[in-house]
Amino acid sequence: GENVEQHPSTLSVQEGDSAVIKCTYSDSASNYFPWYKQELGKGPQLIIDIRSNVGEKKDQRIAVTLNKTAKHFSLHITETQPEDSAVYFCAAGGAAGNKLTFGGGTRVLVKP
Amino acid sequence: GAVVSQHPSWVICKSGTSVKIECRSLDFQATTMFWYRQFPKQSLMLMATSNEGSKATYEQGVEKDKFLINHASLTLSTLTVTSAHPEDSSFYICSARDISQRPEFFGPGTRLTVL
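Structure report, in brief. (Residues numbered from 1 in each chain as written. Chains lettered and ligands numbered in written order. Predicted model: local features only at pLDDT ≥ 70, side-chain atom pairs only at ≥ 80, totals over all residues. Heavy atoms only, no water.)

Moving on, we come to the overall build of chain A. A count of helices and strands for chain A gives zero helices and eleven strands. In sequence order, chain A lays out its α and β elements as β-β-β-β-β-β-β-β-β-β-β. The globule rule puts the C-alpha radius of gyration for 112 residues at 13 Å, and the 13 Å found for chain A is close to it. Burial statistics for chain A: of 112 residues in total, 44% are counted as buried. For chain A, the share of sequence-separated contacts (at least 6 apart) that also reach a separation of at least 24 residues comes to 53%. With the model as given, the accessible surface of chain A reaches about 5,500 Å², and the carbon-plus-sulfur share is 47%. Looking at chain A, you have 12 positive and 12 negative side-chain charges, and the mean spots of the two groups are 4 Å apart. (Helix = DSSP H or I, 4+ residues; strand = E, 2+ residues; numbered from the N terminus. Rg over C-alpha atoms; globule rule 2.2 N^0.38 Å. Buried < 20%, exposed > 50% of the residue type's maximum accessible area, 1.4 Å probe, protein only. Contact = heavy atoms within 4.5 Å. Areas by Shrake-Rupley, 256 points an atom, 1.4 Å probe, with all protein chains shown as cover. Lys, Arg positive; Asp, Glu negative; His and termini not counted. Charge placed at Lys NZ, Arg CZ, Asp CG, Glu CD.)

Glancing now at the nonpolar core. Among the nonpolar cores identified, the biggest contains 24 residues, and A:Trp35, A:Phe73, A:Leu75 and A:Tyr88 are the most heavily contacted of them. Breaking this core down by element, the ones donating at least two residues are β2 (10–14), β3 (19–25), β4 (32–38), β5 (45–51), β7 (62–67), β8 (72–77), β9 (86–92) and β11 (106–111) of chain A. Once you skip the residues sitting within four places of it in the chain, A:Phe73 turns out to touch A:Ile21, A:Lys22, A:Cys23, A:Tyr25, A:Phe33, A:Trp35, A:Thr65, A:Leu66, A:Cys90 and A:Ala91. Counting residues in each nonpolar core, the second largest holds 23 residues, with B:Val11, B:Ile21, B:Cys23 and B:Ala84 among its members. (Core = buried A, V, L, I, M, F, W, Y, C linked by side-chain atoms within 4.5 Å.)

Structure follows, in structure tokens:
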């Protein structure tokens, strides 16, 4: 089955700096890659997603890049703000069962 | 749009009792719903996938007789934890997607504590 690895597990950045989270996946049949933000005690919230026919997608301060050949994708957050502090999960989907496989999560702390 | 609700948000029960958690899609028809379990500081673990009107498909290692899932309508799925034990204490989260199949939207989660 699909396996998604996510790095780093924790990330501390100064407010205003950029944050980058990287994920790799194993199943070349995966074709959908969402990113979720989870705040403490809440459910995950979709922040951006990308499909395999696109190499990059941007939404204001958030961007995602996808390298299908290398089977890795990354989340970039620019001009970080304290409210960006949360746990971020990458996921891969579209392969067997059309279900999502999640990475281990990255705890991001933005220091004022 | 794309709002998913869960009820209750938290529940405490005694060992041996059963607990039902509801998941509703408020503004779209959810042809597929998923149930996840999340332990503290860990990732989401998929428990089962349910399609409206069909039996749920459980992930390997998940006891289908213990975690009963019903997806009777396009806006409601329920998860019943039967004969709950302390090791069932966890954060249970549902998600839903419509016929377009993407993306998947999550509910706010239900914290279950079994005493």
